[in-house]
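Close look at the chain arrangement
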Amino acid sequence: MGTALQRTIHQLRSEDREFFQIAISVDCVIFGFDKNELKVLLIKSDLEEFNNQWSLLGDLVRPDENLDTASYRVLKDRTGLDDVYLEQVYTFGEVNRHPAGRVISTAYYSLINIKDHLPVYSDNELHWHPVNEISALAFDHKTILETCLRRLQSKIEEHPIVFNLLPEKFSLRELQNLYEAILGVKMDRRNFRKKFFLMNWLEDMNELEQDVPHRPGKLYRFNATNGKTKTPIPV
């Protein structure tokens, strides 16, 4: 029985050899917020087919590492960042998505405070780009970026994951600017504030903004205890 099973396995391996000639990669979509703009960290592609084009941070998965390990390794190799949480989003497998052959890629994303995470520049040029100004990227990275952006937009509607992008004390104006930048829409000021208070995510500091060119607004901070709720954010 053992010999027959070995022959069967050998036959399957011989017949299906082409199925093992597929590479796996990971791509990291790192979002950041700066000057009221949602940005993404891009790097210049080092492939001749995409000469002088921007791409996401990615690389092939090594034979001895799993997907999650590969994503953190790629991020550290490309940027030097090793204190960023990455969340797996989606897998992209179009047949001709890579010029070198069949490569299936799994995308990860993160949302970070740009001021608190300064990337170490690699051999390739590394730069923050406003998301709404990106018209094309190497490979299918524009599709990957858009998919991860939709995941981020969906997540902030139910989870308070954006407060690390704000100062410890912030105004409702700053908070609304942040949500508008990520969601890509303008929100009604009164509706946003009224419904946001219903979520009990904010703690009134009983302080006003200082040295601002407009009427000073009240300052708030994130209430971590009440922030565990999952009430959708008004759009």
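A brief structural summary. Note that the coordinates shown come from a computational prediction; the quantities given were computed from them, not determined experimentally. Per-chain numbering applies: the sequence of each chain, read as written, is numbered from 1 onward. The model is predicted, so local features are restricted to residues of pLDDT at least 70 and side-chain atom pairs to those at 80 or more, both for listing and for counting; the totals for chains, interfaces and linings are taken over all residues. Each side-chain value is derived from all of the structure's non-hydrogen atoms; neither hydrogens nor water enter the calculation.

**Details of the overall build of the protein chain**
- Of regular secondary structure, the protein chain possesses five helices and 10 strands.
- The 235 residues of the protein chain split such that 43% are buried.
- For this analysis, residues touch if any pair of their heavy atoms sits within 4.5 Å. At a minimum sequence separation of 6, the contacts of the protein chain that also span at least 24 residues come to 65%.
- Accessible area for the protein chain stands at about 14,200 Å²; split by element, carbon and sulfur atoms hold 48% of it. In this text, helices come from DSSP runs of H or I with a minimum length of four residues, and strands from runs of E with a minimum of two, each type numbered from the N-terminal end. For the exposure calls, accessible area comes from a 1.4 Å probe over protein chains only, and a residue counts as buried if that area is under 20% of its type's maximum, exposed if over 50%, partly exposed in between. Per-residue and other accessible areas follow the Shrake-Rupley method at a 1.4 Å probe size, with only the shown protein chains counted as cover for residues.

**Digging into the pattern of salt bridges**
- We define a salt bridge as a contact between a side-chain nitrogen of Lys or Arg and a carboxyl oxygen of Asp or Glu at a distance within 4 Å. In the structure shown here, the tally under the stated rule is 15 salt bridges.
- For Arg221, the salt bridge identified is with Glu203, shortest N-O distance 3.2 Å. You can see Arg221 sitting in strand β10 (residues 218-222) and its partner Glu203 sitting in strand β9 (residues 202-208), a full 18 residues away along the chain.
- On the accessibility criterion, Arg221 (30% relative accessible area) is partly exposed.

**Re the packing of helix α3 (residues 141-156) against helix α4 (residues 172-183)**
- Helix axes are fitted only over the stretch in contact, all axes being lines through C-alpha atoms; the angle between N-to-C directions runs from 0 to 180 degrees. Following both chains from N to C, one finds α3 and α4 inclined at 145°, their axes separated by 9 Å at the closest point. Contacts from Leu149, Leu152, Gln153 and Ile156 in α3 reach Tyr179, Ile182 and Leu183 in α4.
- Put simply, Ala, Val, Leu, Ile, Met, Phe, Trp, Tyr, Cys and Pro go in the nonpolar bin, Asp, Glu, Lys and Arg in the charged bin, and everything else, Gly too, in the polar bin. Taken together, the residues that form the contact of α3 with α4 break down as six nonpolar, one polar and no charged.

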